[in-house]
Structures are given as C-alpha cells and as structure tokens.
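Below, each chain spelled out in residue letters.
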Amino acid sequence: MTKATQMISRHLKPAALAFLLTVPGVAHAKCDPGEQVVKFSLVTALQGHPKGEAALALAEQVNDQMDGRLCMEVYGSSTLYDDDAVFDALLAGDVQMAAPSASKFGAYSKELQLFDVPFVFDSALHVMEFLGTEASNKMLATVEDDGFAVLGFWSNGMYQISGTKPIRVPTDAQGLTFRVQSLSPAIQGLLDAMGAEGISMAFSKVYDALESGEVQGQYNTWSNIQTKGFYLHQAAISETNHGYLGYPVVTSQGFLESLDPETREEFIGIFNLVTHESNRFAFEINQARRQDILDDDGIIIQLSDDEKQSWRDALEPLVDAFRRDVNAELIDAAIEANAKADPF
Ligand code: LMR
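Residues numbered from 1 in each chain as written. Predicted model: local features only at pLDDT ≥ 70, side-chain atom pairs only at ≥ 80, totals over all residues. Heavy atoms only, no water.

## As for the sheet that holds strand S7 (residues 160–163)
Working step 1: Taking strand neighbours across the sheet as the criterion, the six strands line up as S9-S8-S10-S7-S11-S13 in an open arrangement whose pairing is mixed. The open sheet has two edge strands, strand S9 (197–200) and strand S13 (300–301), and neither has a second partner.
Working step 2: Summarising the sheet, S7 and strand S10 (residues 217–220) pair through four bridges and their orientation is antiparallel. Across the sheet, the residue bridging to Gly163 is Gly217, located in S10. (Pairing = 2+ DSSP bridges. Helix = DSSP H or I, 4+ residues; strand = E, 2+ residues; numbered from the N terminus.)

Here it is in structure tokens:
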C-alpha cells in the first residue's frame, strides 16, 4: 500500500485528522512566513467525502513534502466561496484551487455539460476509462481559454434521486420542484421528462430548502446526500444511477506561472499521485455513505429492471440533443469508451 493509498483508505469512515487544525469545514496546517499559501476552496464536506478526502490528502502531501515552500489550506463546506463565486476568485488570485462539479462550468464550457446527460456512463469506474482519452483531454482543455488550468479530474460517483414521495419511474416526480446544480439543456430535459420544476441553487442552500419545503426533491451522490443530511427531509432515495458527478480540478494559469519550474513540477507530481489514489477510493467512500444512510433509517429504493428501463427510455432523447447541439464527436467518444470499458 502506498502512503497516499493509506491516507485515503483510512478516511472511508469520517474522522478528524489529528495533525491538522480542524474546525467544521476548515482543515490546514499553520503556514510559516516565506511559504506560498495555496488556498483550496470546496463546497462539500471534507471528512468522509471523495473530494474532501482528496483535498485533505493533497494538502497533507504538499505540506509534508514541500514544507518551507508551499502551504496548502483546505476550506470545505463553502466556508470560503460557493461554486458561483469561486471562478472569479481563482482568476483574481484570491484562491488558488477549486474543484467545482463539471455541471457548474456552463459559462466556460458547453462540453463539460456532457456529464449532465443521463445514462452516458454505466458507473464512475466507466468514467475513469474515458478520462485520459483524447476526447476527454480536449473536453477539459475547453476551459483554458478563460485563464484557468485544469490539473486533473476527481471522481465522486453516480446520482441518485430523492423526493418527498417515493420516485420509482420519472412521472412519479410530477409536480415536484427539484434543486438542481444548473439549468443546462440536459438537466432541463431531465426535469421535463419527470414533469418537474427545477431551481438552480448553491449546494450550501440545499439542506434548508429541503427542510423548509422550498424544494421537494433533489439528486446527488450518496456522499453528498449523507454528509449534508439531505436524506433527513426526503421520503426515500431512488437508486437511479442516472448520471455522474465529477470535478475538473482547476487553478489559474497565473498561479501555475507564479511557481518556479521545479516547484511546479513537484506540485503537479504530487497532485497526479493523489488524484490516482483518490479516484480509486471514490466508489468505496460513496458505498460507505450509502450504508450510513441505511444505518440511520433512511429509505433507499432499488428499482426493478422495468423501472430502470423507463428512466432510460424517457431520457434517451437527451443524448441526441447533446450530439446535435453541443459536440457529436465528444458524446460518441464517451459512449464508445463506456461500451469498451471493463472496469470490473
Ligand atoms: C452540488 O452542487 O450538488 C455539487 O456540485 C456539490 C459538489 O461539489 O459535489
């Protein structure tokens, strides 16, 4: 087991990191004078979450191996920025790293909305087979024109749908209002297929909106649903696995250029190692959070084959819409990579 593997696997259960200053949502070592501070802003939980654990592992490695030169501070649970504000903050140099969901890049890249299209990928492991292909590299590079640099891609997992009533087939959600990450055409298509309304809302507002009844439904991964308690105000969560949540990890070209070549290379090397290890554990972390929901008496609906097919049938036109309106080559490459992948 490598050190990075040990670091991440020990976090399958949420636990405080003894050596870090941990207050809710913030975890970082004390920076010394002369060290260049690298602030990493996240909207999710840190402990017990694929992205939070990856950021903590990265900070641990950077602060250990690059002590005296770089000092990484990790801010979780939207304590620094939400995903709307973080893009400008990156370009302004107020924060150096962020990993917003691919769905949040709409202002910079229509290509990244690939991940909003339902049922392109069978599982998060299938997505891993697509990453690293030429088509995927081109897709990630679409945000670079605006001054961002994508260091890599961190995985979370598949989306599950919940509501104030059990949702087995798309029309069961008719009349409900859902919180969504954005109103991209594919997400709007999903809402239309369900006969539901959507409100685009920051992640930090979702719990309150579910509690107050402002929205009656949402979809997200097990790790987001559990760590933020969304399931506490929902009748049941349906295991639809209808889409995928993953994160381009972004910095600014300005930040990368501010590092001398040796420091930059070392930093990127550490980042790549942590990325490789973190992505291997994202699935297990999500399954652990799914079990936590069951252990807390949350209700999970497993769909029958016919019910699963009804979701696929209702959402199939969204693939053609993306092919027609955004990028045919990209979606065809993704479908091909998914079909070829044999992650198990
Ligand atoms: C959401 O807003 O639901 C997600 O983008 C949160 C996250 O970063 O996983």
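Read on, since the account is not over.
## What about the environment of Met201?
Working step 1: With respect to the helices and strands, the residue Met201 is situated in the loop between S9 and helix H7 (206–212).
Working step 2: According to the relative accessible area criterion, Met201 is buried, its value standing at 10%.
Working step 3: When sequence neighbours within four positions are dropped, the list of residues in contact with Met201 reads Arg179, Val180, Val206, Ala209, Glu214 and Val215. (Buried < 20%, exposed > 50% of the residue type's maximum accessible area, 1.4 Å probe, protein only. Contact = heavy atoms within 4.5 Å.)

## Quick notes on the site of the ligand
Working step 1: Near the ligand you find Val43, Thr44, Lys51, Ser101, Lys104, Arg179, Gln181, Phe203, Asn220, Asn224, Leu245 and Tyr247, and these make up its full shell.
Working step 2: Here Tyr247 contributes a side-chain N or O atom positioned 2.5 Å from an oxygen atom of the ligand.
Working step 3: Burial of the ligand by the protein chains amounts to 100% of its free accessible area of 270 Å².
Working step 4: Here the shell around the ligand is composed, by residue class, of four nonpolar, five polar and three charged. (Near = heavy atom within 4 Å. Polar contact = N/O pair within 3.5 Å; in protein donor to acceptor, adjacent residues only side chain to side chain. Areas by Shrake-Rupley, 256 points an atom, 1.4 Å probe, with all protein chains shown as cover. Nonpolar A, V, L, I, M, F, W, Y, C, P; charged D, E, K, R; others polar.)

## Overview of the pattern of salt bridges
Working step 1: Scanning the entire structure with this criterion turns up 12 salt bridges.
Working step 2: Of the charged contacts, one joins Arg290 and Glu239 as a salt bridge, the two residues approaching to 3.0 Å between their closest N and O atoms. Note that Arg290 is positioned in helix H10 (residues 261–295) and Glu239 in the loop between strand S11 (236–238) and strand S12 (244–252), a separation of 51 residues in sequence. Each member of the pair, Arg290 together with Glu239, is buried.
Working step 3: Close ionic contact of Asp325 with Arg324 constitutes a salt bridge, the shortest N to O distance being 3.1 Å.
Working step 4: According to the relative accessible area criterion, Arg324 is exposed, its value standing at 62%.
Working step 5: Via salt bridges that share partners, Asp320, Arg323 and Asp332 belong to a single interconnected network. (Salt bridge = Lys/Arg side-chain N within 4 Å of Asp/Glu carboxyl O.)

## Description of the state of the cysteines
Working step 1: Applying the stated criterion across every chain, the model contains one disulfide.
Working step 2: Paired through a disulfide, Cys31 and Cys71 show a sulfur-sulfur distance of 1.9 Å. Handedness here is read from the sign of the S-S torsion; for Cys31 and Cys71, about -80°, the answer is left-handed. Of this pair, Cys31 sits in the loop between strand S2 (26–28) and strand S3 (36–41) while Cys71 is found in strand S4 (residues 70–75), placing the two residues 40 residues apart along the sequence.
Working step 3: A residue is classified by how much of its surface remains accessible, and Cys31, at 26% relative accessible area, is partly exposed.
Working step 4: Here Cys71 falls in the buried class, since its relative accessible area comes to 1%. (Disulfide = S-S within 2.5 Å.)

## Quick look at the packing of aromatic side chains
Working step 1: All chains considered together, the criterion is met by 14 aromatic pairs.
Working step 2: When the ring of Phe115 is compared with that of Phe121, the centres are 5.9 Å apart and the planes differ by 25°; the resulting orientation is stacked. Like Phe121, Phe115 is buried.
Working step 3: Taken together, a centroid distance of 5.6 Å and an interplanar angle of 75° make the contact between Phe203 and Phe230 edge-to-face. Taken together, the residues Phe203 in the loop between S9 and H7 and Phe230 in the loop between helix H8 (222–227) and S11 connect sequence positions 27 residues apart.
Working step 4: Taken together, the ring pairs connect Phe115, Phe121, Phe130, Phe153 and Tyr244 into an aromatic cluster. (Phe/Tyr/Trp six-rings, centres within 6.5 Å; stacked < 30°, edge-to-face > 60°.)

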